2 protein chains.
Amino acid sequence: GLDRIINSDPVAITFFIGYMAMFASAVFFFAERASVDGKWKTSLLVSGLITGIAAIHYYYMRDFYLQTGSSPTAFRYVDWTLTVPLMCVEFYLLTKPFGAKGATLTKLIIASLVMLVTGYIGETSGLDNNIFWGIVSTLGYLYIVYEVFAGDVAKLSQSSDSPALKKAMFLLKIFITLGWSIYPIGYMVLPGNLLSGLFEVSSIDLFYNLADAINKIGFGLVIYSVAIKESKKTT
Amino acid sequence: GLDRIINSDPVAITFFIGYMAMFASAVFFFAERASVDGKWKTSLLVSGLITGIAAIHYYYMRDFYLQTGSSPTAFRYVDWTLTVPLMCVEFYLLTKPFGAKGATLTKLIIASLVMLVTGYIGETSGLDNNIFWGIVSTLGYLYIVYEVFAGDVAKLSQSSDSPALKKAMFLLKIFITLGWSIYPIGYMVLPGNLLSGLFEVSSIDLFYNLADAINKIGFGLVIYSVAIKESKKTT
Ligand SMILES: CC1=C(/C=C/C(C)=C/C=C/C(C)=C/C=O)C(C)(C)CCC1
Ligand SMILES: CC1=C(/C=C/C(C)=C/C=C/C(C)=C/C=O)C(C)(C)CCC1
């Protein structure tokens with residue numbers, strides 16, 4: 001338990017920081033819902049749910065790591081199974097005013113579930129298989145990148161005439177390509193995988209914790225800032 | 001306890017996902033109540049209660065399963081005894097604008113209690129009796145299906161002129177026939193019952209957890225989407 005904190009174990013410290021940051025962000029998004037216009041309230045609610053769900057799982061993961069010293073893989077994927085589809089809902093809500101269809105949302109959610117289920121199999125099935133499953137999972141990820149850059153989501157974002165929204169759509173693409181790409185890099189430190197010589201196994205959680213903070217909180221703040229700008233216009 | 005998580009026990013994982021999904025949905029329905037018109041507020045409140053009650057029972061069931069490794073049957077039926085009648089209230093609220101009567105609601109609730117009491121007897125009375133009680137329980141279920149397809153509920157849904165509401169009524173039928181039918185399929189993995197050779201006993205909870213997510217959250221979201229559409233019309 002506590003000896004990991006006393007010895008400044010970096011993984012333990014990032015679990016503490018991550019927990020508190022997610023919790024505080026959830027409080028922030030829920031409270032600021034009151035300050036934005038109608039249709040933005042749902043987006044901020046979803047941001048609050050993403051960071052709130054993450055706060056609870058960081059609480060579990062932190063304790064699990066303190067007690068066992070190993071990666072809380074199951075909790076991590078339970079969290080992602082809920083929060084990644086909710087991130088897709090965020091993209092959908094952002095593009096809905098320009099005609100996004102429910103079918104696009106369904107495609108994104110299916111692709112993300114393929115990515116996560118195969119990723120989980122890869123992390124738990126051991127040494128020989130993690131490269132194979134990592135590749136399958138990456139195909140799911142690349143499909144999402146494709147949708148956002150060339151598919152339905154991309155087409156819709158062109159038709160907006162709000163500079164604030166255009167900027168948010170641009171940042172969304174950066175988050176999905178750069179922010180999300182930290183996860184597969186973390187995965188590659190697994191034993192037998194590409195980066196396994198360069199990092200310790202436990203540093204997988206450093207990558208994942210960093211990526212979660214950027215993607216969950218950062219993207220929520222981007223939406224928050226568009227919401228505030230667009231709400232000022234109409235009042 | 002925790003070893004079930006470390007070993008990726010699928011039943012334990014679905015209890016974790018189920019707990020968090022129910023909790024998040026309850027927060028969602030309560031928060032979004034503020035964004036819909038008067039008469040829809042009650043429907044969203046009931047959706048919030050159904051998922052909120054379920055969140056608490058999933059919390060108990062998850063811990064019970066982690067500690068004992070066996071099915072939390074009593075908690076499951078405590079949950080259903082409250083949430084199934086509330087689902088019937090949802091159908092009633094949906095058809096009330098077209099003249100649904102309190103008597104129909106009473107009939108649906110009595111049928112669902114017959115279904116649940118006999119189902120519980122079947123799950124706890126052991127090997128020799130679960131087929132008999134399962135059949136009795138299924139009669140209660142079929143009565144509900146009958147009401148929705150040919151009885152009072154069916155007649156009323158024809159008289160609506162809102163496409164959004166007609167679609168919701170259509171989806172309601174799908175939920176009751178397909179979504180709810182996952183429960184009796186799960187029941188059939190009990191020892192001595194029809195599917196007991198094909199699945200492990202513990203997979204009964206996989207079926208029930210999947211079905212609960214579809215029926216409690218999925219149906220709540222259908223109502224939410226009608227509520228949003230109908231509320232926009234009047235403002
Ligand atoms: C590509 C790839 C992966 C991608 C994971 C991603 C992209 C996770 C995103 C999580 C987010 C955005 C959470 C936010 O709430 C895995 C599963 C590590 C396995 C290896 C291959
Ligand atoms: C037919 C049948 C059953 C049906 C259960 C159902 C239909 C439960 C529905 C629960 C819902 C909808 C909860 C939502 O909140 C049992 C009891 C398993 C016993 C075997 C026969």
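This write-up is about the structure you can find in this document.

Structural notes on the relation of the copies chain B and chain A
A rotation about an axis combined with a shift along that same axis relates the two copies of the chain.
Phase 1 of the analysis: Once chain B is rotated about the relating axis by 67° and shifted along it by 1.0 Å, it coincides with chain A to within an RMSD of 0.1 Å. Considering both components of the superposition, the chain copies are consistent with a five-fold axis. Residue Ala 34 of chain B of chain B places its C-alpha closer to the rotation axis than any other residue of that unit, at 9.7 Å.

Description of the packing of helix H3 (residues 38-68) of chain A against helix H2 (residues 10-32) of chain B
Phase 1 of the analysis: Relative to each other, H3 of chain A and H2 of chain B sit at 150°, their axes nearing to 11 Å. It follows from the interaxial angle that H3 of chain A and H2 of chain B lie roughly antiparallel. The way H3 of chain A lies across H2 of chain B gives a crossing that is right-handed. Here Lys 41, Thr 42, Leu 45, Leu 49, Ile 53, Ile 56, His 57 and Tyr 60 of chain A of H3 of chain A come into contact with H2 of chain B, specifically with Phe 16, Tyr 19, Met 20, Phe 23, Ala 24, Val 27, Phe 28, Ala 31 and Glu 32 of chain B.
Phase 2 of the analysis: Looking at side-chain class alone, the contact of H3 of chain A with H2 of chain B contains 13 nonpolar, two polar and two charged residues.

Details of the site of ligand 1
All names here are of chain A.
Phase 1 of the analysis: Close to ligand 1 lie 17 residues; Thr 83, Ser 137, Trp 180, Tyr 183 and Lys 216 are nearest.
Phase 2 of the analysis: In this structure, an oxygen atom belonging to ligand 1 sits 3.3 Å away from a side-chain N or O atom of Thr 83.
Phase 3 of the analysis: Isolated, ligand 1 exposes 540 Å² of accessible area, and the fraction of that covered by the protein chains is 100%.
Phase 4 of the analysis: At the level of elements, helix H4 (73-95), helix H5 (102-124), helix H6 (130-149), helix H9 (182-187) and helix H10 (203-234) are the ones that each hand at least two residues to the shell around ligand 1.

Some details on the pattern of salt bridges
Phase 1 of the analysis: Under the criterion given, the structure shown has eleven salt bridges over all chains.
Phase 2 of the analysis: The salt bridge partner of Arg 33 of chain A is Glu 32 of chain B, with a shortest N-O separation of 3.6 Å. Of this pair, Arg 33 of chain A sits in the loop between helix H2 (10-32) and H3 while Glu 32 of chain B sits in helix H2, placing the two residues on different chains.
Phase 3 of the analysis: We classify Arg 33 of chain A as buried; its relative accessible area is 12%.
Phase 4 of the analysis: Close ionic contact of Arg 76 of chain A with Asp 212 of chain A constitutes a salt bridge, the shortest N to O distance being 3.6 Å. Placement of Arg 76 of chain A in helix H4 and of Asp 212 of chain A in helix H10 is noted, with a sequence separation of 136 residues between them.
Phase 5 of the analysis: With relative accessibility at 0%, the residue Asp 212 of chain A sits in the buried group.
Phase 6 of the analysis: What emerges from the salt-bridge pattern is a single network uniting Arg 76, Asp 79, Asp 205, Asp 212 and Lys 216 of chain A.

Section: H2 of chain A
Residue and element names in this part refer to chain A.
Phase 1 of the analysis: With 23 residues, H2 extends 32 Å from end C-alpha to end C-alpha; this agrees with the ideal 33 Å at 1.5 Å per step.
Phase 2 of the analysis: Those residues of H2 lying buried are Val 11, Ala 12, Phe 15, Gly 18, Tyr 19, Met 22, Ser 25, Ala 26 and Phe 29.
Phase 3 of the analysis: Of the residues that open H2, the one with a side-chain oxygen 2.8 Å from the backbone nitrogen of Val 11 is Asp 9.

Section: a nonpolar patch on the surface
All names here are of chain A.
Phase 1 of the analysis: On the surface, a nonpolar cluster with roughly 570 Å² of combined accessible area is contributed by Leu 2, Ile 5, Ile 6, Ile 13, Phe 16 and Ile 17.
Phase 2 of the analysis: Those elements that provide at least two residues to the nonpolar patch are helix H1 (3-6) and H2.
Phase 3 of the analysis: When you line up the elements, Leu 2 lands in the segment before H1.
Phase 4 of the analysis: Given the relative accessible area of 62%, Leu 2 is considered exposed.

Calculation criteria
Residues numbered from 1 in each chain as written. Chains lettered and ligands numbered in written order. Predicted model: local features only at pLDDT ≥ 70, side-chain atom pairs only at ≥ 80, totals over all residues. Heavy atoms only, no water. Least-squares fit on C-alpha atoms with pLDDT ≥ 70 in both. Axes fitted to C-alpha atoms, helices over the stretch in contact; angles between N-to-C directions. Helix = DSSP H or I, 4+ residues; strand = E, 2+ residues; numbered from the N terminus. Parallel < 35°, antiparallel > 145°, perpendicular 65-115°, else oblique. Left-handed = near helix turned anticlockwise from the far one by under 90°. Contact = heavy atoms within 4.5 Å. Nonpolar A, V, L, I, M, F, W, Y, C, P; charged D, E, K, R; others polar. Near = heavy atom within 4 Å. Polar contact = N/O pair within 3.5 Å; in protein donor to acceptor, adjacent residues only side chain to side chain. Areas by Shrake-Rupley, 256 points an atom, 1.4 Å probe, with all protein chains shown as cover. Salt bridge = Lys/Arg side-chain N within 4 Å of Asp/Glu carboxyl O. Buried < 20%, exposed > 50% of the residue type's maximum accessible area, 1.4 Å probe, protein only. Expected span 1.5 Å × (residues − 1). Patch = residues over 30% accessible without salt bridge, like charges linked within 9 Å, V, L, I, M, F, W, Y side chains within 5 Å.

Limitation: the analysis is restricted to geometry and does not speak to function.
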